[in-house]
Amino acid sequence: MGVELAYTDAVARATDDLYAKVANFIPKAEWLIHAPVIAEINRLKREKNAVVLAHNYMTPEIFHCVGDFVGDSLALAREAARTDASVIVQAGVHFMAETSKILSPDKTVLIPSMAAGCSLASSITGADVRLLKAKYPGLPVVTYVNTSAEVKAESDICCTSGNAVAVVETIARDFGVDTVIMIPDKYLARNVAAQTGVKVITWEGACEVHERFTAQEIRDYRAAHPGIVVLAHPECPPEVVAEADFAGSTAAMIGYVGTHKPQRVVMITECSMSDNVAVENPQTEFIRPCNLCPHMKRITLDGILHALRTMTHEVVVDAAIAARAKAPIDRMLAVKV
Ligand code: 13P
Ligand code: SF4
């Protein structure tokens, strides 16, 4: 689709500042293809009063050049609730776009690819949650945001990897219980249980990207690169998290690099993270394991341009489900982290 757009002087003027930021990471030949698309996306955003909410796993040309707000799931949800733009383009996966729509029902929420799913979201249905609640009456249901709106609608509170510990402690205290139902990520649930002392009943869901990392892989990185700092996402299996120096959400990992400025780091998470964080942190050498999220990678610059030109694909959530799903999201957003 970018083919009819040319790299003109006007495009160069509109994008030179952006290129200065990413020049060490995007070869010039590639930039000449990206730049006209970036310029047109940024023009259309102004024309349509649209914002692009870009997840940390977006490729650098999206993350650094068209994202108005970038961050982890929690930050993007907070931004969706407060933006006064008329249109939100979700540069992320479908559950993130649904969350934006639930929090901003009067806005048009677009996602560049309806196929951008998530192995966690597809692992559980609303009917599954109803069965769990019937099996464990009285226990609160803590639902990871990586789920569909109908699963959220059955829940007491949502969480992200950025606030899961605080959410579980808060809801266990509010319900006066020592056990919660935490769905659908079995690894996140176990990692949070280890940090809180709250017991968890969980579900057999896992992230297809993070479940592939192994503890041996981390030991191998340490042997090959003495002194390396290992950061892991809490969707990794507990034995992987146990080998890491720090575990946290994508935003928490970025914060760690910015604050501690390690000489050498490996981020045990999706590939694009290291690319994006390296742009802002030239002092740090990044060793880059590359586990791609195929869902996140369905979001492309051309897809974002198409979404803005044609105002597709509009994300719609049934009003009754949205109303029920909003309560656990709002409850989560009220928890201080
Ligand atoms: P974060 O909330 O940490 O950004 O994670 C979202 C996600 O999908 C990680 O795989
Ligand atoms: Fe889902 Fe994993 Fe992809 Fe995140 S990285 S969107 S959890 S499949």
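All figures in this text were calculated on a predicted structure; none of them were measured in a lab.

**A look at the pairing of strand β3 (residues 87-91)**
Each regular strand carries side chains that alternate between the two faces of the sheet.
Phase 1: Burial of β3 is extensive: 5 of the 5 residues sit out of reach of the surface.
Phase 2: Judged from the 5 bridges that link them, strand β1 (residues 50-55) and β3 form a sheet pairing that is parallel. Bridge pairing in β3 places valine 52 opposite valine 89.
Phase 3: For the crossover from β3 across helix α5 (residues 94-103) to strand β4 (residues 108-110), the handedness is right-handed.

**Observations regarding the sheet that holds strand β9 (residues 229-232)**
Strand-to-strand pairing in sheets goes through backbone hydrogen bonds, with the strands running parallel or antiparallel.
Phase 1: Read across the open sheet, the 4 strands follow the order β10-β9-β11-β12; overall the sheet is parallel. Sheet topology places β10 (246-247) and β12 (285-287) at the edges, where each strand pairs with a single neighbour.
Phase 2: Direction of pairing for strand β11 (residues 264-268) relative to β12: parallel, over a ladder of 3 bridges. Note on β12: the bridge partner recorded for valine 265 is phenylalanine 286.

**What about the site of ligand 2?**
Phase 1: If you check the shell around ligand 2, you find Tyr57, Val93, Cys118, Ser119, Leu120, Asn146, Cys207, Val209, Glu235, Cys293, His295 and Met296 and nothing else.
Phase 2: In a pocket analysis with a 2 Å cut-off to the grid points, ligand 2 is assigned to the largest cavity.
Phase 3: Here the shell around ligand 2 is built from residues that sort into 8 nonpolar, 3 polar and 1 charged.

**A word on the pattern of salt bridges**
Phase 1: Taken as a whole and judged by the stated rule, the model has 17 salt bridges.
Phase 2: Of the charged contacts, one joins glutamate 270 and lysine 297 as a salt bridge, the two residues approaching to 3.1 Å between their closest N and O atoms. Note that glutamate 270 is positioned in the loop between β11 and α13 (271-280) and lysine 297 in the loop between β12 and α14 (301-310), a separation of 27 residues in sequence.
Phase 3: Here lysine 297 falls in the partly exposed class, since its relative accessible area comes to 23%.
Phase 4: A cluster of three or more residues bridged by salt bridges with shared partners is formed by Arg130, Lys133, Glu154 and Arg324.

**What about the side chain of threonine 196?**
Phase 1: In this fold, threonine 196 is placed in helix α9 (residues 186-196).
Phase 2: Exposure remark for threonine 196: the relative accessible area of 16% places this residue in the buried category.
Phase 3: Within the structure, the side chain of threonine 196 is placed 3.0 Å from the backbone nitrogen of valine 198, a separation counted as a polar contact.

**Some details on the state of the cysteines**
Phase 1: With the rule as written, the count across this model stands at 1 disulfide.
Phase 2: Sulfur-sulfur distance for the disulfide between cysteine 271 and cysteine 290 comes to 2.1 Å. Between cysteine 271 and cysteine 290 the sulfur-sulfur dihedral comes to about 115°; the bridge is accordingly right-handed. Within this pair, whereas cysteine 271 is found in helix α13, its partner cysteine 290 is found in the loop between β12 and α14, the two being separated by 19 residues in sequence.
Phase 3: Cysteine 271 provides the cysteine sulfur closest to cysteine 65, a residue in no disulfide bond, and the two sulfurs are 19 Å apart.

**Brief notes about helix α6 (residues 126-135)**
Phase 1: Within α6 the residues assigned to the buried category are Gly126, Val129 and Leu132. All buried residues of α6 project into a common sector of 115° when viewed along the axis, lining one side. Of the exposed residues in α6, those oriented more than 90 degrees away from the buried face are Leu131, Ala134 and Lys135.
Phase 2: On the buried face of α6, the contacting elements are β5 (141-144), α7 (149-152) and β7 (179-183).

What counts, and at which threshold
Residues numbered from 1 in each chain as written. Chains lettered and ligands numbered in written order. Predicted model: local features only at pLDDT ≥ 70, side-chain atom pairs only at ≥ 80, totals over all residues. Heavy atoms only, no water. Buried < 20%, exposed > 50% of the residue type's maximum accessible area, 1.4 Å probe, protein only. Helix = DSSP H or I, 4+ residues; strand = E, 2+ residues; numbered from the N terminus. Pairing = 2+ DSSP bridges. Right-handed = clockwise from strand over helix to strand, strands pointing away. Near = heavy atom within 4 Å. 1 Å grid on protein atoms, 1.4 Å probe; cavity = no way out; pocket = protein on both sides within 12 Å on 5 of 7 lines; lining within 4 Å. Sits in = over half its atoms within 2 Å of the grid points. Nonpolar A, V, L, I, M, F, W, Y, C, P; charged D, E, K, R; others polar. Salt bridge = Lys/Arg side-chain N within 4 Å of Asp/Glu carboxyl O. Polar contact = N/O pair within 3.5 Å; in protein donor to acceptor, adjacent residues only side chain to side chain. Disulfide = S-S within 2.5 Å. Arc of directions from axis to C-beta. Contact = heavy atoms within 4.5 Å.

Don't take any of this as a statement about function, it's just geometry.
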